[in-house]
Amino acid sequence: GDSVLEAVAGFLKDASELHNGEPEDTEHIYPEYDFIIIGAGTAGCVLSNRLTEVEKFNVLLIEAGDAEQIFMDIPVLATMLQFTEANWNYQTEPQEAGCTGMRAGRCAWPRGKVVGGSSVLHSMMHTRGNRKDYDLWADNGNPGWDYDNVLKYFKKSENMQIPELAKDTKYHSTKGPMNIQEPKWRTSLSRAFLEAGLETGGKIIDYNGEKQIGYSYIQFTMNNGSRVSSSRAFLHPIKNRINFHLSKNTMVTKILIDQRKKRAYGVLLYKGGETFIVKAKREVILSAGAINSPQLLMLSGIGPTEHLRNKNIKPLINLPVGYNLQDHWALGGLTFLINTTDSLRFESIAKSDNVIQYFSHHTGPLTAPTGTEALAFIDTKDLHNSDGYPDLELLFVAGSIVSQPAYKYAFAIDDDLYDAVYKPITDMHTWMVFPMILRPKSRGRITLKNNDPFEKPLIHANYFTDGGHDEKIILYGIRKIIELSKTKSFQKYGSTLHDTPIPKCAHYKFDSDLYWICAMKTITNTIYHHCCTVKMGPSSDPEAVVDPRLKVYGITGLRVVDASIMPNIPAAHTNAPTMMIAEKAADMIKEDWGISV
Ligand SMILES: Cc1cc2nc3c(=O)[nH]c(=O)nc-3n(C[C@H](O)[C@H](O)[C@H](O)COP(=O)(O)OP(=O)(O)OC[C@H]3O[C@@H](n4cnc5c(N)ncnc54)[C@H](O)[C@@H]3O)c2cc1C
């Protein structure tokens, strides 16, 4: 077997690779740079890499959080990271319909506050979305964002390590910095999910290939069994570029704007107890993510005039910043009990043998990303069209809320609800599927609580406020999952629906449509794809904040490049689309400064 010594050696090697690989915290920040990028998240890391390819550009990347740590790379620990300093720890405001069974009626919205941003907390699922997502962006007045144009940017990041998929060179590449793998270890239940899909008329597909409808194991942003954050893929390789500085533990509190020229000329920073100004010769680029980017714009006077006045901020440019908030969410409690021991449970993962195996060889159950193993994309309006446009995703998990003590806290589920419904099955082997809406019609909003940059903004998720469309999609998903549970493939495990009703919904007949609609509004789970709060659109679009080249309307020297510019949420987990946005933005920025791409 593997020796403890071998594991210790492996651990030390991993730790020093990470420590020596991440760019250092720059000691001397210059008074001026060509470009200042705010936020070292998914987008900020990609941009920093691509812009510093041009030797005459110098770049300062500013990150509020600290360095990435070794335990953050262990895939099975992903959810635990939410309890560290690396999480901004946001919560939604109480709302009329969703999240009512979560603690104080608030859903937890974790976001990465660390070098690598949310790509350090995320579950590493790599999905691009559908051709129609991007064709629609283009049709709505954003030339250059159609699928044929963005495909090359999806490919540019990618280093596809799954051999069968790498052969499809029209859709995949092996030349980019971001490794894509299948995990080295998975439960047998994930195969049951795919087989159940086949039994009920589905197909197995590469959802990042030509067509998207069907069932698949998940492709992950992993290398050799551990996480690849955006920082590992894009910042580590540029550690020694002399035209690149990274400042960690540094908050941008304001974007500075010359009011006469209407030009962004720098940022106000807070680091180590000091406040100071750094100027940008060419551009300030905001990549602080879908919650912090709108917050920082509003703090700087760019936003809805009335709202800014109410918060004692001098309005400079009236734009609908913070509106159009979109997300993917699901019923989080649809649990099936099994009569075998094949699910992923915390106590069986956290065994010393597994830990030793992980650090010796990067294999075993610690390489399983939070138990999410397989998925299906479904077009509920055109079921038999393999080239359809999915509005529903089924996200299979080889466990459930009872599989790991941390889940209850991560999802912020109310104690009484948990005790009534889940405590009785705490020790059982289970699986679940998130019935996840992909193209919601409900729209939320980010607002400021006040004008203090250290105060959290307010998140109005507004789930289920669209008059009934969104709940029907999730309901369809619930019915489909119950159908899958009854197939031979899942009956091999004796799968049965956990049927203890949620007390709040117990006045409806269990398993009736009304019961499930009540359940989804009670145990509402975000899938963490917050986006769209700084919408890209043509000048004729009253909701647009940035133009199709991602420049903020009415001002020069300021772009936004991150998940907040998406006009509509794609039918995808949003990390890969955010990398694509940053790859494309880098080319646009180079072009605009006379560099041929
Ligand atoms: C728990 C979780 C699980 C997820 N799972 C998946 C998944 O499996 N697959 C997937 O595709 N997507 C997933 N996502 C979503 C994905 O991670 C995000 O869509 C993506 O990382 C967004 O990138 P971004 O660049 O827009 O923002 P971020 O990556 O969040 O980067 C923003 C950065 O800006 C920094 N920042 C913010 N404000 C300031 C300031 N004032 N000054 C300085 N720095 C600042 C932040 O600290 C952060 O590092 C998940 C997200 C979470 C939170």
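Description of the structure in this document. Small disclaimer: the values here were computed from a predicted structure and weren't measured.

Describing the overall build of the protein chain
What the protein chain contains, in helices and strands, is 18 helices and 25 strands. Taken over the C-alpha trace, the protein chain has a radius of gyration of 23 Å; the compact-globule value for 597 residues is 25 Å, and the two agree within 12%. Overall size of the protein chain, expressed as C-alpha extent along the three principal axes, is 70 × 60 × 45 Å. Evaluated residue by residue, the protein chain yields a buried proportion of 64% over its 597 residues. Taking the intrachain contacts of the protein chain between residues at least 6 apart in sequence as the baseline, contacts between residues at least 24 apart amount to 74%. With an accessible surface of roughly 22000 Å², the protein chain has 50% of that area assigned to carbon and sulfur atoms. For the protein chain, the distance from the average site of its 64 positive side-chain charges to the average site of its 68 negative ones is 4 Å.

Some details on the state of the cysteines
Enumeration over the complete set of coordinates arrives at three disulfides. Across the disulfide from C505 sits C518; the S-S distance is 2.0 Å. Between C505 and C518, the S-S dihedral sits near -80 degrees, and the bridge is therefore left-handed. One end of the pair, C505, is in the loop between β23 (496-497) and α17 (513-522); the other, C518, is in helix α17, and 13 residues separate them in sequence. In terms of burial, C505 and C518 fall into one category: buried. Paired through a disulfide, C531 and C532 show a sulfur-sulfur distance of 2.4 Å. Given an S-S torsion of about -60 degrees, the disulfide between C531 and C532 has left-handed geometry. Given the relative accessible area of 0%, C532 is considered buried. By sequence-ordered numbering of the bonded cysteines, the protein chain has its disulfides arranged as 1-2, 3-4, 5-6. Here C45 is not disulfide-linked; the sulfur of C531 is the nearest cysteine sulfur, at 20 Å.

As for a nonpolar patch on the surface
On the surface, V4, V8, F11 and L12 cluster together to form a nonpolar patch covering roughly 340 Å² of accessible area. Since its relative accessible area comes to 54%, V4 is described here as exposed.

What to know about helix α15 (residues 469-485)
Residues separated by three or four positions in an α-helix point in the same direction, a consequence of the helix having 3.6 residues per turn. Across its 17 residues, α15 extends 25 Å between first and last C-alpha, which sits within 8% of the 24 Å expected from 1.5 Å per residue. Of all the 17 residues making up α15, 13 are buried; the element is thus mostly covered by neighbouring parts of the structure.

Brief notes about the nonpolar core
L47, W145, I255, I302 and L550 are the most contacted members of the largest nonpolar core, which has 87 residues in total. Residues in contact with I302, not counting those within four places in the same chain, are I257, L297, L308, I317, L319, V321, V552, I555 and L558. If you look at the next biggest cluster of nonpolar residues, it comprises 85 residues, including L325, L394, W431 and L438.

Considering the site of the ligand
Of all residues adjacent to the ligand, which total 38 residues, the nearest are T42, E63, S118, T574 and N575. A distance of 3.3 Å separates an oxygen atom of the ligand from a polar atom in the backbone of G112. For the ligand, an oxygen atom lies 3.2 Å from a polar atom in the backbone of M124. Relative to its unbound accessible surface of 1000 Å², the ligand loses 99% to contact with the protein.

Quick notes on the packing of helix α1 (residues 4-21) against helix α12 (residues 352-361)
It is the contact of α1 with α12, at a shortest axis distance of 7 Å, that shows an interaxial angle of 55 degrees. It follows that α1 is oblique to α12 by the angle criterion. Of the two elements, α1 crosses α12, and the hand of that crossing is left-handed. Contacts from V4, E6, A7, G10, F11 and D14 of α1 reach α12 at I356, F359, S360 and H361.

Looking at the pairing of strand β13 (residues 274-286)
Pairing analysis gives six bridges linking strand β1 (residues 32-38) to β13, with the strands arranged parallel. Along β13, the bridge assignment pairs Y33 with A280. From the end of strand β12 (residues 263-271) to the start of β13, which pair antiparallel, there are two residues, and G272 there has a positive phi angle of about 55 degrees. In this sheet, strand β25 (residues 558-560) lies alongside β13 in parallel orientation, the contact comprising three bridges. The residue of β25 that forms the bridge with I285 is R559.

Brief notes about the side chain of E63
Its location among the elements puts E63 in the loop between β2 (59-62) and β3 (90-91). Comment: no salt bridge for buried E63; closest opposite-charge side chain is K113, at 7.5 Å. Engagement of the side chain of E63 in a polar contact is seen with the backbone nitrogen of G65, the distance being 2.7 Å. Excluding residues within four positions of it along the chain, E63 makes contact with G39, A40, G41, K113, V114, V115, S247, K248, N249 and T250.

Focus: the packing of helix α5 (residues 147-157) against helix α18 (residues 575-592)
Their axes nearest at 8 Å, the elements α5 and α18 cross at an angle of 105 degrees. Here α5 is positioned roughly perpendicular relative to α18, judged by the angle of their axes. Counting all contacts with α5, which are made through V150, Y153, F154, K156 and S157, the residues of α18 involved are A576, P577, M579, M580, E583, K584 and D587. Along the lines of polarity and charge, the residues of the contact of α5 with α18 split into seven nonpolar, one polar and four charged.

As for the packing of aromatic side chains
This structure, assessed with the given rule, holds 26 aromatic pairs. Relative to F359, the ring of Y358 has its centre 5.0 Å away and its plane inclined at 85 degrees; by these criteria the two rings are edge-to-face. Each member of the pair, Y358 together with F359, is buried. Above the ring of W88, the side-chain terminus of K113 is found at 4.4 Å from the ring centroid. Across the ring face of Y217, the terminal group of R186 is positioned such that the distance to the ring centre comes to 3.5 Å.

Some words on the pattern of salt bridges
Scanning the entire structure with this criterion turns up 33 salt bridges. Notably, a salt bridge pairs R232 with D73, separated by 2.4 Å at the nearest N-O pair. One end of the pair, R232, is in helix α8 (residues 230-235); the other, D73, is in the loop between β2 and β3, and 159 residues separate them in sequence. The buried category is assigned to D73, whose relative accessible area is 3%. Here K156 and D587 are joined by a salt bridge, their closest N and O atoms 3.8 Å apart. Of this pair, K156 sits in helix α5 while D587 sits in helix α18, and the two are 431 residues apart along the sequence. What makes D587 buried here is its relative accessible area of 8%.

Quick word on α17
Along α17, eight of the ten residues are buried, which leaves the element largely enclosed by surrounding structure. Every buried residue of α17 is listed here: Y515, W516, I517, C518, A519, M520, K521 and T522. Summarising the contacts, the buried residues of α17 are in contact with β16 (329-331), α14 (415-421), α15, β23 and β24 (524-526).

Calculation notes
- Residues numbered from 1 in each chain as written.
- Predicted model: local features only at pLDDT ≥ 70, side-chain atom pairs only at ≥ 80, totals over all residues.
- Heavy atoms only, no water.
- Helix = DSSP H or I, 4+ residues; strand = E, 2+ residues; numbered from the N terminus.
- Rg over C-alpha atoms; globule rule 2.2 N^0.38 Å.
- Buried < 20%, exposed > 50% of the residue type's maximum accessible area, 1.4 Å probe, protein only.
- Contact = heavy atoms within 4.5 Å.
- Areas by Shrake-Rupley, 256 points an atom, 1.4 Å probe, with all protein chains shown as cover.
- Lys, Arg positive; Asp, Glu negative; His and termini not counted.
- Charge placed at Lys NZ, Arg CZ, Asp CG, Glu CD.
- Disulfide = S-S within 2.5 Å.
- Patch = residues over 30% accessible without salt bridge, like charges linked within 9 Å, V, L, I, M, F, W, Y side chains within 5 Å.
- Salt bridge = Lys/Arg side-chain N within 4 Å of Asp/Glu carboxyl O.
- Expected span 1.5 Å × (residues − 1).
- Core = buried A, V, L, I, M, F, W, Y, C linked by side-chain atoms within 4.5 Å.
- Near = heavy atom within 4 Å.
- Polar contact = N/O pair within 3.5 Å; in protein donor to acceptor, adjacent residues only side chain to side chain.
- Axes fitted to C-alpha atoms, helices over the stretch in contact; angles between N-to-C directions.
- Parallel < 35°, antiparallel > 145°, perpendicular 65-115°, else oblique.
- Left-handed = near helix turned anticlockwise from the far one by under 90°.
- Pairing = 2+ DSSP bridges.
- Nonpolar A, V, L, I, M, F, W, Y, C, P; charged D, E, K, R; others polar.
- Phe/Tyr/Trp six-rings, centres within 6.5 Å; stacked < 30°, edge-to-face > 60°.
- Lys NZ or Arg CZ within 6 Å of the ring centre and 35° of its normal.

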